[in-house]
Amino acid sequence: VSESFDIASATGSYAVHIQPGGFAAFLAERQNSIIVADEFFASKLPEDSTSTPLFYKALETTKSLDVAPALIEQVRRAGANRQTHFVAVGGGVIQDLTAFAASIYMRGISWSYVPTTILGMVDSCIGGKSSINVGPYKNIVGTFHPPQTVFVDPMFAQTLPLDQQASGIIEAAKICFCHGPASFQAYLSSEARPGMEIGPLTSLVSQSLRAKKWFIEIDEFDRKERLLLNFGHTFGHAIEGASHYGISHGVAVGLGILCALDFVRGGPSPGDPYAGAPIVQQLKDHIDMILRTVPDLASQLSALRVDDAMERFESDKKHKREHYTLILVEPSGLVAITEITKSSGSKQRIQNSIQNIVDSYS
Ligand SMILES: NC(=O)c1ccc[n+]([C@@H]2O[C@H](COP(=O)([O-])OP(=O)(O)OC[C@H]3O[C@@H](n4cnc5c(N)ncnc54)[C@H](O)[C@@H]3O)[C@@H](O)[C@H]2O)c1
Ligand SMILES: [Zn+2]
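In this text, all values refer to a predicted model and were calculated from it rather than measured experimentally. (Residues numbered from 1 in each chain as written. Chains lettered and ligands numbered in written order. Predicted model: local features only at pLDDT ≥ 70, side-chain atom pairs only at ≥ 80, totals over all residues. Heavy atoms only, no water.)

Caption draft 1: Spatial organisation of empty space enclosed by the protein. Taken as a whole and assessed by the stated rule, the structure comprises 2 cavities of 30 Å³ or more. Its volume calculated, the largest cavity comes out at about 40 Å³. Residue lining of the largest cavity: N230, G232, H233, T234, F235, A260, K318, L326 and I327, and that is the complete set. When contributions to the lining of the largest cavity are tallied by element, the ones reaching two or more residues are α8 (233-242) and β10 (323-329). Ranked by the residues each element gives to the lining of the largest cavity, the list is headed by α8, at 3 residues. (1 Å grid on protein atoms, 1.4 Å probe; cavity = no way out; pocket = protein on both sides within 12 Å on 5 of 7 lines; lining within 4 Å. Points joined across faces, edges and corners; volume = space filled by probe spheres on them. Helix = DSSP H or I, 4+ residues; strand = E, 2+ residues; numbered from the N terminus.)

This is the structure we're talking about:
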């Protein structure tokens, strides 16, 4: 089984292929490339290749502005010119580093991406963004430089640790939920959970990427619809940061989604605001089921300081002087950008939601 579709982008369209077990053949078709790979694959790449492999550790410090020059020097020493093609093999860290280098090397060369994490497969592999850290500032610079080809081989997920699997699955759930009820029902039918079989994972990847395709084609540069995909991320980034990145990104987003639901439920109107939208309860139950599979989540959360998370929440770039900007679920079950006036009351409600969710899993 394999499938392919195109993503339209301002700089031309690019192809996405999903094919379990297809990685070696894909690489064989791209001789004389520069392969930028996660160090995890140092002794695991096929050997019958004339390409030059360069390995990097999948650490946040790797996708930083000061690592890019070292990569560019190595690439040049290996003889790369304007016609050279980069192949990124790894998760989001390797993707961001390679996309960034490919976008600036000789004013931009072609590259392709083989995601090896579920997060990469279901989410980050399409969209064309590179996000690079500068000192303590995460994702503060970057470029739009889509790959020529995205090749998803779901077999890579088999060696992925459980918390990393949960992380990617939660991002897929988020994308499908944001796309709408039909997408989310289709998502639920793949019975996603860490350790899932390759067949269901392949359809999960397909559903999630097709849902994300809708957002990025309608709003490539993050002006309107695509912003909705930040659902769970303001709370999530706050929790991820306050755990000093001990909690993986998608897992923190899962907690963030629950905070966002709790925040609305803790609002002034009596009764359950979501009584008329059973899909919201399905989302909550599903995220809860995934979170309960994550090893060490309880100990991570027990060590987390809610006031630290709250400070990080307040410093989110999307807020304005007078109001917080949040993606919340409306009583209809649809997500929407919502402005919450800043006050001691709203601040307290936000902090209560973080506290409630932290308490539920620690
Ligand atoms: N540019 C974008 O659009 C975009 C979108 C989302 C996230 N991101 C970025 O992606 C990064 C996170 O990426 P990620 O979660 O994909 O993972 P990652 O690249 O941080 O890797 C996570 C861990 O999994 C390991 N790993 C990767 N593939 C493996 C495999 N097949 N088997 C075993 N171990 C494997 C890595 O070595 C690492 O230890 C963040 O820096 C985030 O900012 C970028
Ligand atoms: Zn995310």
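Caption draft 2: Just the packing of α8 against helix α9 (residues 249-265), in detail. Where α8 meets α9, the axes come as close as 7 Å, and the angle between the chain directions of the two elements is 125°. Considered as vectors, α8 and α9 are oriented oblique to each other. Crossing of α8 over α9 shows right-handed handedness. Taken together, the residues of α9 that come into contact with α8 (itself represented by H233, F235, G236, H237, I239 and E240) are H249, A252, V253, L255, G256, C259, A260 and F263. In terms of residue class, the contact of α8 with α9 is built from 8 nonpolar, 5 polar and 1 charged. (Axes fitted to C-alpha atoms, helices over the stretch in contact; angles between N-to-C directions. Parallel < 35°, antiparallel > 145°, perpendicular 65-115°, else oblique. Left-handed = near helix turned anticlockwise from the far one by under 90°. Contact = heavy atoms within 4.5 Å. Nonpolar A, V, L, I, M, F, W, Y, C, P; charged D, E, K, R; others polar.)

Caption draft 3: Geometry of the packing of helix α12 (residues 306-314) against helix α13 (residues 344-361). In contact at an axis separation of 10 Å, α12 and α13 are set at 130° when each is read in the N-to-C sense. Considering the angle they form, α12 stands oblique to α13. With respect to the hand of their crossing, α12 and α13 are arranged in right-handed fashion. Here V306, D307, A309, M310, F313 and E314 of α12 lie close against α13, whose contacting residues are K347, I350, Q351, I354, Q355 and V358. Broken down by class, the residue content of the contact of α12 with α13 amounts to 7 nonpolar, 2 polar and 3 charged.

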